[in-house]
Every structure is written in structure tokens, then in C-alpha cells.
There are 4 protein chains.
Amino acid sequence: MSSWGSAVKISVFGESHGKGIGVVIDGLPAGVPLDMDKIYMQMSRRAPGKDKTATPRLEKDIPDIISGVLDNKTTGAPLCAVISNTNTRSGDYGNIMSCPRPGHADFTGNIRYNGFNDISGGGHFSGRLTAPIVFAGAVCRQILEKKGLRIAAHIASIGNICDSRFDPVNIPDELCDRLNVSTFALIDESKETEMRELVEECRMSLDSIGGTVECAVKGMPAGAGSPMFYGIEGVISSIVFGIPAVKGIEFGAGFAASEMRGSENNDEFYYDGDTVKTRTNNHGGILGGISSGMPVIFRAALKPTPSIGRKQKTVDLVKHENTELEIHGRHDPCIVPRAVPVIEAAAAIAVVNLLAQVNML
Amino acid sequence: MSSWGSAVKISVFGESHGKGIGVVIDGLPAGVPLDMDKIYMQMSRRAPGKDKTATPRLEKDIPDIISGVLDNKTTGAPLCAVISNTNTRSGDYGNIMSCPRPGHADFTGNIRYNGFNDISGGGHFSGRLTAPIVFAGAVCRQILEKKGLRIAAHIASIGNICDSRFDPVNIPDELCDRLNVSTFALIDESKETEMRELVEECRMSLDSIGGTVECAVKGMPAGAGSPMFYGIEGVISSIVFGIPAVKGIEFGAGFAASEMRGSENNDEFYYDGDTVKTRTNNHGGILGGISSGMPVIFRAALKPTPSIGRKQKTVDLVKHENTELEIHGRHDPCIVPRAVPVIEAAAAIAVVNLLAQVNML
Amino acid sequence: MSSWGSAVKISVFGESHGKGIGVVIDGLPAGVPLDMDKIYMQMSRRAPGKDKTATPRLEKDIPDIISGVLDNKTTGAPLCAVISNTNTRSGDYGNIMSCPRPGHADFTGNIRYNGFNDISGGGHFSGRLTAPIVFAGAVCRQILEKKGLRIAAHIASIGNICDSRFDPVNIPDELCDRLNVSTFALIDESKETEMRELVEECRMSLDSIGGTVECAVKGMPAGAGSPMFYGIEGVISSIVFGIPAVKGIEFGAGFAASEMRGSENNDEFYYDGDTVKTRTNNHGGILGGISSGMPVIFRAALKPTPSIGRKQKTVDLVKHENTELEIHGRHDPCIVPRAVPVIEAAAAIAVVNLLAQVNML
Amino acid sequence: MSSWGSAVKISVFGESHGKGIGVVIDGLPAGVPLDMDKIYMQMSRRAPGKDKTATPRLEKDIPDIISGVLDNKTTGAPLCAVISNTNTRSGDYGNIMSCPRPGHADFTGNIRYNGFNDISGGGHFSGRLTAPIVFAGAVCRQILEKKGLRIAAHIASIGNICDSRFDPVNIPDELCDRLNVSTFALIDESKETEMRELVEECRMSLDSIGGTVECAVKGMPAGAGSPMFYGIEGVISSIVFGIPAVKGIEFGAGFAASEMRGSENNDEFYYDGDTVKTRTNNHGGILGGISSGMPVIFRAALKPTPSIGRKQKTVDLVKHENTELEIHGRHDPCIVPRAVPVIEAAAAIAVVNLLAQVNML
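Since the model is a prediction, treat every value here as computed from it, not as a measurement.

In terms of regular secondary structure, chain A is built from eight helices and 18 strands. Once the C-alpha set of chain A is aligned to its principal axes, its extents read approximately 70 × 50 × 35 Å. For chain A, buried positions account for 66% of its 361 residues. Accessible surface, chain A: about 11,200 Å² in total, of which carbon and sulfur atoms supply 49%. One finds the centroid of the 36 positive side-chain charges in chain A at a distance of 4 Å from the centroid of its 41 negative side-chain charges.

Here it is in C-alpha cells:
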């Protein structure tokens, strides 16, 4: 399903090379002023065509708001935004039906939908479907910023080249400001050249490369979330895995915690004035599924773009035989920079729901 | 919330030192024969007191089935099982209210529930609440086994000592048989001694240690799951993060894929007779959120048990001051062996729901 | 499914002649003091054996609270209550399997569950399953009363003998007080004799009789509910139709409004001090799915108890032939008096969810 | 909320005088051929401007399908349809903000959304929002017709003028054919003149009139639905009350059953060949929340259109005083004829979900 949420539900629709894509957001509070420029800015960060790390396909990606907004304020009724598909080239994908691309959803989509799914450009499985998520996240982010929350993400790694990590107990607003508008978001900007070189090398060798994104929610009030199945980790992961290419997620110290001793991993409490804090933040701001008031920190792992120019082995589903495939068309050699605003958006939508559950929205 | 699921919903209840714990399972198909011995076996694998890796607390953990079963077959009505708490020692935990244990949900639970939550033994946050999950999973597993699915997990690592991994394209039934009844489930059993020594060392030094669990779903038919928010990764992660101590999850190559090139990570398709397979399984049996027919593979990271005997710094919420805390009582120095059947159970509950969605149950 | 709710979910379990019945209530606010005597009082109103209108089956119906309550206050964790079945006589029902009782769920349950459902005493379809609803409602009612809401219902009619209706704009607290403890709840108590005579006449003629229940929610704040599918009417009806025998529901003027002109049915607004009110209440306190601040009023229609002593025609599903059936055993000739506290309870559970949605809980 | 459904979810959006209205339908099976002419036919039946019973506002109401359909077949991805608003006259409604119209959601919407809701033409509360429901229902109906189900409704009454009722055990296909394309759907067409005269009389006296709609689902297989809260009555009612003006619903004999004896109301079973049927159908095809195989029958009560031309008393929310209001603009004196296709549509969406739950879709 392409719907998600409880208090604030999103319902994403569209196919890559159809008429358009979009989202309905149901359950927004009324009277929230929307800064459209900020929304466009987020859409633009995700949009392709920025530089050589991305596909040269151009999409203006201007959302047309059909409902739910009056005089730039939410009305409380469902907000529907439609983004037209203006630059579709279905000819590039003519052979996919018979020969599923390795690493893509071509094969599984064909089984799931008995061959009736729209395969042009990946159809509903396309990374393009993250644009409506960015839109919905940009709306949710404005609600959260009014409450003093900031959400910021950065490219934590591309291949084995790593950015610095967030200081998990202290995330300056200025850093959030900078990351929130960047199209190649890094804490340590000196890593950009090296990362771009790696991506370019992959592009030149008709290959692609994966990476990780780290995201922080700053200002998360203590006491949101729930034990067991509506814990913050479960809620965030259930939306983040909706982003194509995400294959792993970890909170706080995450997998590294699995090699730690309790005495290392436990974050001791102390009073900072009247506020209970921890000096370290291996718990990623979450204990028992509930926020501690420390920044919520998570990292998502993205696999390398499966569309690569190299010849690959696959099957011909029509002829029932093994075959080879060369994918033409326009593809990102590295999806990670464009995934940053998508992950920020998913986190914003998740947090809006988490706060609503405990009457903090 | 402590409820999870769509077609088959579980609703877990109970507190560690209250009258009992249990689960309601709603939406089970009718007429499923239940092998109670197999259910007890799974409960017993999770139960404490087995050996020195676990807390010496003894619980018989015999579920009392209140409803939903007649003549050992499901009736289709909600199945409720209650497990009495027979061995409670609330005196051990008398100081928790004022001084939250580092790494525990004591602090966040106190904020979330305004101090009204039951703190004895961790209350509803206790690892003991995984017993009802194991029960529900054992029921779901019997449904899946009738359909030729097998779910098996093992201790993938304790600290930095690693077991072998599943061969992700070939998981022998005999291995599943062995793992499914083991209380210290390893593929390479030669690692047991080393792992136990590490755990014992932690225990002797009043410390604890984390680890990872790897789980495979064998026989998963192709075509289950959905794009976006009801993808297999999202569904499994949303229940697995309901297990206390889980701080990360990855599917297939997972975080390792983030360092790979597309040419390495892509799993090429081939025909094995009439069946489309992949020779490698970096995709963990999931493409576009949908099963490919290859084994579904995931790994969960568990943090070290936060309850350690060492003196730790914390706050006194009553006196509003920094203080120190020594935790007495019975605690597992390593939760990982007992987490194995819990993760198998969570996977079984998730897969039953995934199959129901596509009319394959 | 036997689960209902969003912010506060109930999950009902049990079968009439099994070990027990009960409910898990998930999502309750923490710290709500529970007056157990008031809960027992509500349970007792629904319990059979009160008088000749009801089945002589005796059930003590004392709920055993397994979890979620500490020192008589809710902990915020799921509250599970189990009511043991102490007085089961499965022998009375031996022939139901083959010969479905007219008007009962025997036939449809048999199809739905492929013959595996527990048929003794109606199994999960039994009216006895309303006891857990009354329990859950009694808990929710205590939350609502703290916020100044009152919920009261009465026997609006038995057969064609009608009680007075609520004055829909003015429901005195004293009336609520009286109705809330009555086992034969009437506004105009002079109707009791006539109604009891009708029920007795039905009993003597081996027959049964239907009726209606009217329910009011007093003190409902304006602004709860939503347009379209989470409107108050939709939410209340979706739980009220979960009560066996309910075949109709109407809000405010309801079906009578279908014969009215707009000029008659419209309730004009006026200021009563600073509060906007209406002088009439044909809208039943609900406009556009949202509460107006006037009392919410609805009526539910209950069919006559299908278990009657007269010989009836039915089929023999085993012999595949038409046959006749005589039902023995203990049955209420009129379920309406006992349905009153059940409908109050369902309303309370619905209203708790409606208020939670708009942060008014 | 404006979202509804489980296996097949609809998410309705739009405001009466905004850019447009529409719906996302998520979870449709793939490969369903859509007959667009049949969809337009249903849209057209609901559209205003047909005759003097309806508002003269003209809307072409042609849905623009943005996604989810390829070569006239569903792709399995979410289907989004947008209907543009072409004929908006917001000037007519200039005074609503301050003076809520009696019987409308103006007052409650203002409270619920703190005055930020779009009030032009009723905004999201407008009856115009039933157009997307009709669209979604027309899609669902085509799925159901492939499985041999028919859904038909008629004007059961306008004011106190009644149409004949369905013969609840025998609903001819020809009758369904005729009702399904009618804009003034009656079983006994001789009642049309009298009904139209009553409506015209109300129109001329600046008044309006209510009515009832009866709906039948023919071919419903036995065994769909569930006991308790996912029973057919609860599912259908929860969507039908999403239709503005509906204030009551009854299934089978409904409220009339409340005056019956069990011996009258019980429908005796018999074998018709191999099929178990009932000779009467007071149970409306539903026992214990589950379908019996007999036609599912329900009736909905619609209040008179609250917009009437007569001067009415109300309050001025700005001036905080009592005042009077005269509503100008275009309004249906009777909504009932146009509600018929809306109720058919809601029933179709409900039944698609009910069948999906039991793997019958």
C-alpha cells in the first residue's frame, strides 16, 4: 500500500511516466501557514538534473495544490498536491517487460500485479515517487519548526568515503540551516570532492555506488512514542523503508551497539539545570520506544542504484530463457545526495504522527 | 501501542511483576491444528534460567489458552493466551522510581505515563513481554509451515565474535530444524564456547554485551508485499523494533550494500527449471518491497543489556539531583541467545500478515 | 474482527462456553483512578439472572484485571480483564452444528469458519461477549465523567410500548444518575409494568420481543469528530453494530427527519450567554459529523431474541435436508433491558476515541 | 478523516469551490478493465442540474485519472482521479463565516478547524464531495459485477410518499439494470409524479424535504464479514454515514424488527437445491455480522437539505449576538434522488473491502 500514518495520513499516488504523481495528506491541523518557497526548496533539492551525480532528466516538479490550503494556510481538510509528469520518455524502457532489470522491482512487480503494472520508468516503483514524500515532509516540517523541532540529514557516506557524524548530543541550528538547503549535504564539506570523484568514476565505468544518510531530529520533546509496536524506531523505520533503495536502518549507536558492553553503551543521566540529559547519546534519543529529549538520530543504508550501463545477465520472461540486458536511459550513478531531503521528509511525517499521538502536536 | 497487524492482529498485554502477561491474536484462520508441544518448545527457548547467559529467574511460562481454540484447532475467534507471573520479586526494584537506570525505559516511561506506569521489573517495558510474542509467533509459524515456509534465526554475533552467516540462496531444512530447537542457536556451533566465555567474562565484570541475530524466511512465495509503505522491509521492521533492545535492522546485504557498486550488489536473474532465481541474494529476497521467491534475510542489532551491576551515574528525580546507582537483582549479561526465538516469532507474525494481504494465506 | 478503536483500542476475546471472555484495552491514559465498584455495578446491570426478562443462567461476571492497573490507577499499559465462564452447559446445544437456529449466526458462522468455530452457547457470537464491552465502557466512562461528560441510555421501547424520549436539549444529571444504575432503565417508570407484562406474555408463548434503546451523551464538547468517514455517526455506529441483535441506528431525529421539511428539521442557533446552542436538537448534537455541543442522541433498534422455544423450520446441514428444530435451554425473551448498559458502554468507548482524536482527552 | 477502508482504501479530497475534488483508491487489484462510460454514467446520475429537484449549478464532473490505470486496466498502483471545479460562485456565500446556517456544518466546522476551513460552498463538507465517492464506487462496482454481484438502490421515500420496497428475497437483474441508470430511481415508477410534486411544492415554499434510500446487494456470497466490529452492518454504516445528510441506517427489517416477535422476525432456513436460503429476509442477508447469501438490504434516512430560502434564526459569531439569516444561492430542495447513486457507490466500496477480507475478491 502507498498510504501511511495514523493521526496524519499520507496517500501517495502516481507512476513515473504517467500523467502525474502526488499525495493526499489527511488530518493536518488547520491554520498552519505554509511557506511555499520553503516547500519548493525541498522539492528542488530532491529533483534530478542538479549535477553529474544525478540523472539529466529534467522535471520542474512544481506541486499543484488542489485542496486543503486557503490563503496559504491549511484548512484542516485533506491537502492534495499533484505534480505533473512533463518529461517522459517511455521509449527507453521498451524491453523491460520481458527482461527484468537486476536489482529492480521489475520482476517482483510483474508477479505482484500479474503483468498489469505500469513499467515505464519503473511505474509506481520509481524513485520519482519520493517527490510527493518530500512535499508532504516539507509541509510537516513547517508544523514542527513552529514547535521548535529541527530535522536535518546529511550524506554520511558514499561507498567507503565517510562524512563526519553528528555530535549526537549537540546539533547546532546553524548546521541544520546549512544542511536543510544543501543539494550535497555534508557536515564536513571537505569530503565533497572525494565523494564526487568516486561517483564520477562509477558513472564513467557504467556503474553505481551506494551510501548512507544520517538524520537527526533536534528538539524532540521527551515522552513521545510508545512501548512495543508504536515505538519511535518502529514508526520511523516503517516509513523510511518506503523509500526505494533503503535496505537498513539503525538508531543511535545501532549496529555498533551490538559490539559494545553495557558499561560503554549505557548513556548516563545528569541534570542540566532542570532538564534531564545524557552526556552521550548511544540510545539515539529513544529508550523503550519513547523519546528521551535527546536528539533522535538514525542512519539509513541505501543500496547502489540498480540501473547501470553494464551488460548484465537476466531472464527473458516471454521467451522463458536466460539472456543478457543492457540498460540505456538516464540514471543516477549515486542516489544518496538526492535521498537526503527524502529522508528528512519521511522523518518529519513520522514525527508529526508521533507527536499527535501524545497530544503534543 | 502494544497492538500490531492488519489481517492478523496481535494485542500484547501485561507487566513484568503483575498478575500475568499475554496476547490476543485476532483474525487467525479457522481450523488450524495447533501442536502445543511445539508452542511450549518455543516458549521454553525464550524462557530465562537456561544457563549462565540468562537471568536465574524461573518462570514456567505455560500459556493458558482462554479462547479461540477447540479440540486443538483454531476456531477463528480471537485466541487469547495468558501466562501467569509466578515468580515476582518487586523488592529488588524499590529505588527505580526515583533513579532511572541508564539505558532503560525508566526515565522515558516515567515521562510518558506521568509516573503512573508499573516500574516493578520494568513493567510493560520488560523483556518478559516478548513471551507473548513468542507464543503468537509459534501459532503463526504452524500456519506457515503447512504452506512450506520455514523461519529460522541464529546468533549472528555476540560482541565481535561472529557466527557464520546463512548461505542466502540455500538454507537447508536440516539447518532450520536444528536452529528451531536450539537455546543457543548457531550455524557454526564451534563458536559457542568462545561466545559463552565472552558472556561469562562480562557477567564476572558486572557488565553485559550486545550482539546480532540473523533470520531467514525460506519458501516465501514471490509476489508478497507491496511498494512503498507496506513493503516487506517496512512490515518486518515495524514489528521487530517492538522487541526491546533492537536498535538496528538490515535486509539482504543491508549496510554492506552501501559500500558496494551496483555491479556487485545487483543479483542477476536466471532460470532454475521454470523458476526465476538469483545466484546471489544481496537483495535479501525483497525487491521494491515485494518478495522475489528467494529467501528473505534480515539481521537485527541488539544493544547490550542495560542492567549491569556496576555503579552508574544517574539522576534522582525526586531529589532533583545527580546521583549514583547500583542495580541489584537478576539480569542477563547477554540477551542475544534468548532473542533468537523472539525474532523468529516476530518474523512469523509479519509473514502471516504479508501473505494474507495478497490472498496467499 | 473483534478489535475496535484508534487512540484507545479494544480487543475482545472469548467464547460463551469456553474458559472465559475478556478484553484488552490499549492506549488508555495513565493515572486514571478506577472505581471498581462502579465497574462491577455496570457489569451487574448486564449480567443475566436479574429477573424474568432475562435468562436464568447465573454468572458472577467478576472481571479479573491481569494488567494495566496498579493501586487502582491505570498504568498506561494495556489493561486486560478476564471474566471466567463458571456456569457452562454445553449439552443444551448439542444439535446446533447440524441444524442452524433461525435468526442466529449458526449458519453464517459455520460458513465463515468452515465449521471450526465453537458453537456451544453461540461461541464468540454469544451475547455474553457484551460483558467485556461493558467492562471497557465502564473504564472509559470514568475517564469521561472526570471531564464532565455523562452517558445515559434507557429502554425507548419494547415491542410497541414506548418510554418517553429524552428531552434532547436538556438531560438532567439526576436522570443520568438514576438510569446509570437501573436494571430496567426507563425515563417514565410507569411503563415498566406494561413492558414486563408484554415480555412475560412472550415468554409464556415461547416467543420473544424486540425493542429500541435511546442513548444520550451529555457534555460532549463542540468540535469533536470529523467530516466524512470519521464523523461521530460513523464512529458510534461502527461499534454499536458490534453488539449482537442491533439492526438499526439513528441520530437525532433520524428516520423521522426523512419525513420532515427543512424548516421543521433545522435547529436554529442562539446564544445562551456566551455559548451557542440550539433550541431544538433534531441534529442529535452532530452536524457534518462534528459535535455541536448539544447532547449527542442516538437510538438503536434491537431485533427480538432469535432463540425461541417454538418449533421452527430449518435445515440439517449434515443430512442436507429440510427439518424442524426446537430450541431448549435458557434464553432471554427480551434482550433490551440488558442491552441498555451495553449501549452506554459502546458509546463511552466511541466518545473516548473521538475526544482523543481532537486532543480533548 | 476523509480516508476509509482496509484492503481497498479511499482517500477523498477537495473543497466545493476550490480547484478541484477527487479521490485516491489504494489497494485495487491489478488488471481490472474499466468501462469509462459506465463510470461517467454514474457520475452523471449524481451530478446536479438534471431537473427541478436539483440545484441548477452545472458541473461537468469529468474525472481526470492521474494514475493507476493503463490501457483502461488498473495497474494495481493507487488510482487517483481529479475532478476540476469549473463553476464556482463564492460570492453567494459571503455571510456564512459570521452567521452559521442552521442544519449545516458551518458552526461545527468553524469550531473544529478554528475558523480556517474553506467555507465557500460548504468547503470539504459540501455534498459535492460525494462525486469522488461515486467515482470510486463505480470502479469497485465493476470489480463486483465481474464476480456476479449487483448493487442497486432506489428512492424508498420522499417525505411521506413511499416507493415499493425491494422484494428482499428476489431482486431481478432487470430491476437492477433499470435502477442503475435512472436519475430518479423508483421501483414503482408511478410514484414519480407525486414525489416530484411534493419536491416542487417545497421548492416553491422556499423549503426542502427529506427521504430514504433503500439499497440491495445481490449475489453477496455467504461467509463474508465478521462477528463484532467488522460485521457487515458496521462496515457499511461507517462509510454510509460519511455521506452528508444521512442520519439513520437500518438493515433488513431494521427498526420494524424492534416491534416484532421472534417468531415473526426469524427467517427460517430451507434448501433450494443445494443452497441454503431463507423464505423471508428480515435479517437483511446478515446474521452475526456475516453474509448469509441472501440479498443484503439496508435503508438510509436523509434529512431535508438544510439550505432553505426562508429566513431563519441564527447567531452572528463575529458580533456575538442573535440574528436572522436568509440563504440565497442554488440548492436542492430534495437531495434524495441524487443520493441514490452515492449510496450504491458507498455500498460497492464497502463490499469490495468485505470480500477482500475473506479472500473472495
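Still more to cover.
When chain C is fitted to chain D, the residual RMSD is 0.0 Å, and the transformation amounts to a turn of 180 degrees plus an axial shift of 0.0 Å. Here the transformation between the copies is reduced to the relation of a two-fold axis. The fraction of interface residues of chain C whose copies in chain D are also interface residues reaches 100%, indicating that both copies meet through the same surface.

This brings us to the interface of chain C and chain D. Contacts between the two partners involve 100 residues from chain C, matched on the other side by 100 residues from chain D. Between chain C and chain D lies a buried interface of about 7,800 Å² when both sides are counted; carbon and sulfur atoms form 63% of it. If you look at where chain C meets chain D, you find four salt bridges. In this structure, the connection of chain C to chain D is made through 42 residue pairs in polar contact (both at pLDDT 80 or more). Sort the elements by how many residues they give to the side of chain C that touches chain D and strand S11 (residues 246-251) of chain C lands first, with six residues. Classifying every residue of the side of chain C that touches chain D by side-chain character gives 45 nonpolar, 38 polar and 17 charged. Examined bridge by bridge, S11(C) and strand S11 (residues 246-251) of chain D share three bridges and lie antiparallel to one another. Considered in S11(D), the bridge of C:Gly248 is made with D:Glu250.

Listed by partner, the interface residues are 38 residues for chain D and 38 residues for chain A. Between chain D and chain A, a total of about 2,800 Å² is buried, with carbon and sulfur atoms accounting for 65% of that surface. Contact with chain A buries area across many residues of chain D, yet D:Met1, D:Ile66 and D:Phe116 alone supply 20% of it, more than any other trio. Summed over the shared surface of chain D and chain A, the number is ten residue pairs in polar contact (both at pLDDT 80 or more). For the side of chain D that touches chain A, the elements supplying multiple residues, two or more each, are strand S2 (9-14), strand S3 (20-26), strand S4 (64-67), strand S6 (73-74) and strand S7 (79-84) of chain D. With five residues, the single largest contributor to the side of chain D that touches chain A is S2(D).

Attention now moves to the sheet that holds S11(D). Ordered in space as S9(C)-S8(C)-S10(C)-S16(C)-S11(C)-S11(D)-S16(D)-S10(D)-S8(D)-S9(D), the ten strands form an open sheet in which the pairing is antiparallel. A strand with exactly one partner marks an edge of an open sheet, and here the two such strands are strand S9 (161-162) of chain C together with strand S9 (161-162) of chain D. Where S11(D) lies against strand S16 (residues 296-302) of chain D, five bridges are found, and the strand directions are antiparallel. Along S16(D), the bridge assignment pairs D:Gly248 with D:Ala301. Along the sheet, helix H6 (residues 232-240) of chain C contacts S11 and strand S16 (296-302) of chain C together with S11 of chain D; its crossing angle with S11(C), the most-contacted strand, is approximately 160 degrees. Contacts from helix H8 (residues 336-357) of chain C reach strand S8 (150-158), strand S10 (211-218) and S16 of chain C, with the element oriented near 145 degrees to S8(C).

Our next topic: the packing of helix H3 (residues 130-146) of chain C against H8(C). Residues and elements named next belong to chain C. Where H3 meets H8, the closest approach of the two axes is 7 Å, and the angle between their N-to-C directions is 50 degrees. Classified by the interaxial angle, the pair formed by H3 and H8 is oblique. Note that H3 runs across H8; the crossing there is left-handed. Two secondary-structure elements touch here, H3 through Thr130, Ile133, Val134, Ala136, Gly137, Cys140, Arg141 and Leu144 and H8 through Pro341, Val342, Glu344, Ala345, Ala346, Ala348, Ile349, Val351, Val352 and Leu355.

The periodicity of an α-helix, 3.6 residues per turn, causes residues three or four places apart in sequence to face the same way. Residue and element names in this part refer to chain B. If you check helix H8 (residues 336-357), its first and last C-alpha atoms are 31 Å apart, about what 22 residues at 1.5 Å a residue would give, namely 32 Å. Burial runs high along H8: 21 of the 22 residues are buried. Just downstream of H8, asparagine 359 is the residue with a positive phi angle, here 60 degrees.

Another aspect to go through is the sheet that holds strand S1 (residues 3-4) of chain B. Backbone-to-backbone hydrogen bonds join strands into a sheet, with any given pair of strands oriented parallel or antiparallel. Residue and element names in this part refer to chain B. Within the open sheet, the five strands sit side by side as S1-S2-S3-S7-S4. Their pairing is antiparallel. Since the sheet does not close on itself, it has two edges, and those belong to S1 and strand S4 (64-67), each with one partner. Across six bridges, strand S3 (residues 20-26) lies against strand S7 (residues 79-84) in antiparallel orientation. Looking at the pairing, valine 24 lines up with cysteine 80 of S7. The strands touched by helix H3 (residues 130-146) are strand S2 (9-14), S3, S4 and S7; relative to S3, the strand with the most contacts, the crossing angle is about 35 degrees.

In total, this model carries 18 aromatic pairs over all chains according to the counting rule given. Taking the centre distance of 5.7 Å and the plane angle of 40 degrees together, the rings of A:Phe251 and A:Phe298 count as tilted. With A:Phe251 in strand S11 (residues 246-251) and A:Phe298 in strand S16 (residues 296-302), the pair connects residues that are 47 residues apart, well separated along the chain. Taken individually, A:Phe251 and A:Phe298 each receive the classification buried, so the pair is uniform in this respect. Pairing D:Tyr113 with D:Phe125 gives two aromatic rings, centres 6.5 Å apart and planes at 55 degrees, and the pair type is tilted. Of this pair, D:Tyr113 sits in the loop between helix H2 (106-112) and helix H3 (130-146) while D:Phe125 sits in the loop between H2 and H3, and the two are twelve residues apart along the sequence. No difference in accessibility class separates D:Tyr113 from D:Phe125, as the two residues are buried. Ring pairing ties together the aromatic residues A:Phe241, B:Phe251 and B:Phe298, which thus form one cluster.

Here the idea is simple: oppositely charged side chains can pair when their charged atoms come close. Inspection of every chain in the model, using the stated rule, returns 72 salt bridges over all chains. In this structure, A:Lys19 engages D:Asp64 in a salt bridge whose closest nitrogen and oxygen atoms are separated by 2.3 Å. Of this pair, A:Lys19 sits in the loop between strand S2 (9-14) and strand S3 (20-26) while D:Asp64 sits in strand S4, each in a different chain. Taking the relative accessible area as the measure of exposure, D:Asp64 reaches 31% and is therefore partly exposed. Salt-bridge contacts for D:Arg178 lead to D:Glu189; the nearest nitrogen and oxygen are separated by 3.2 Å. On the criterion of sequence distance, the pair formed by D:Arg178 in helix H4 (residues 173-181) and D:Glu189 in the loop between H4 and helix H5 (192-204) is long-range, its members being eleven residues apart. Look at D:Arg178 and you get partly exposed, because its relative accessible area is 29%. Look at D:Glu189 and you get partly exposed, because its relative accessible area is 47%. Among the charged side chains, a salt-bridge network with shared partners connects A:Lys38, A:Glu145, A:Arg150 and A:Asp177.

With that settled, consider the pairing of S3(D). All names here are of chain D. In terms of burial, S3 is a largely internal element, seven of the seven residues being buried. Here S3 shows a buried face lined by Gly20, Gly22, Val24 and Asp26 and a second buried face lined by Ile21, Val23 and Ile25. With antiparallel pairing between neighbouring strands as the criterion, S2 and S3 make up a hairpin whose turn holds five residues.

With that out of the way, let us pick up the side chain of C:Asp118. With respect to the helices and strands, C:Asp118 occurs in the loop between helix H2 (106-112) and H3. As a buried residue without a salt bridge, C:Asp118 has its nearest oppositely charged side chain in C:Arg101, at a separation of 10 Å. A polar side-chain atom of C:Asp118 sits 3.1 Å from the main-chain amide nitrogen of C:Ser120. Apart from the residues lying within four places of it in its own chain, the contact partners of C:Asp118 are B:Leu70, B:Thr75, C:Glu15, C:Gly123 and C:His124.

Here chain A shows a mean pLDDT of 93. Residues at 70 or above account for 93%. For this predicted complex, the interface confidence comes out at an ipTM of 0.96, alongside a pTM of 0.97.

The rules behind the values
- All chains use their own residue numbering, which begins from 1 and follows the written sequence.
- For this description, chains carry letters from A and ligands carry numbers from 1, given in the order in which they are written.
- The predicted origin of the model limits local features to residues at a pLDDT of at least 70 and limits the giving and counting of side-chain atom pairs to 80 or more, whereas totals for whole chains, interfaces and linings rest on all residues.
- Note: side-chain values were computed over all heavy atoms of the structure, leaving out hydrogens and water.
- Numbering goes from the N terminus for both helices and strands, where a helix is a DSSP run of H or I of at least four residues and a strand is a run of E of at least two.
- Each residue is assigned to one of three classes by its accessible area relative to the maximum for its type, calculated with a 1.4 Å probe on protein chains only: buried under 20%, partly exposed between the two thresholds, exposed over 50%.
- Only the protein chains shown count as cover for residues, with accessible areas throughout obtained via the Shrake-Rupley method and a probe of 1.4 Å.
- In summary, the charge assignment counts Lys and Arg as positive and Asp and Glu as negative, without counting His or the chain termini.
- Here the site of a charge means atom NZ of a Lys, CZ of an Arg, CG of an Asp or CD of a Glu.
- Least squares is the method for superposing the copies, and the C-alpha atoms it fits come from residues with pLDDT of at least 70 in both.
- When checking whether two residues touch, look at their non-hydrogen atoms; a contact exists if any pair is within 4.5 Å.
- Throughout, buried area stands for the accessible area (probe radius 1.4 Å) lost by two parts on being put together, summed over both.
- Each salt bridge in this description consists of a side-chain nitrogen of Lys or Arg and a carboxyl oxygen of Asp or Glu lying within 4 Å of one another.
- Under this definition, polar contacts are N or O atom pairs within 3.5 Å; protein pairs additionally need one hydrogen-donor-capable and one acceptor-capable atom, and for neighbouring residues in sequence, both atoms have to be side-chain atoms.
- Side-chain classes follow a simple rule in which Ala, Val, Leu, Ile, Met, Phe, Trp, Tyr, Cys and Pro form the nonpolar group, Asp, Glu, Lys and Arg form the charged group, and the remainder, Gly included, forms the polar group.
- When DSSP locates at least two bridges between a pair of strands, those strands are taken to pair.
- Only C-alpha atoms enter the line fits that serve as axes; for helices the fit covers just the stretch in contact. Angles between N-to-C directions range over 0 to 180 degrees.
- By definition in this entry, angles of less than 35 degrees are roughly parallel, angles greater than 145 are roughly antiparallel, angles of 65 to 115 are roughly perpendicular, and the rest are oblique.
- Handedness of each helix crossing follows the sense of rotation of the near helix against the far helix: counterclockwise by less than a right angle gives left-handed, clockwise gives right-handed.
- By this rule the span expected of a helix is its residue count minus one, scaled by 1.5 Å.
- Stacked, tilted and edge-to-face are the three classes assigned to paired rings of Phe, Tyr and Trp, where Trp is represented by its six-membered ring and a pair needs centres within 6.5 Å; plane angles under 30 degrees give stacked, over 60 edge-to-face, the rest tilted.
- Confidence of the predictor at the level of single residues is captured by pLDDT, which takes values from 0 to 100.

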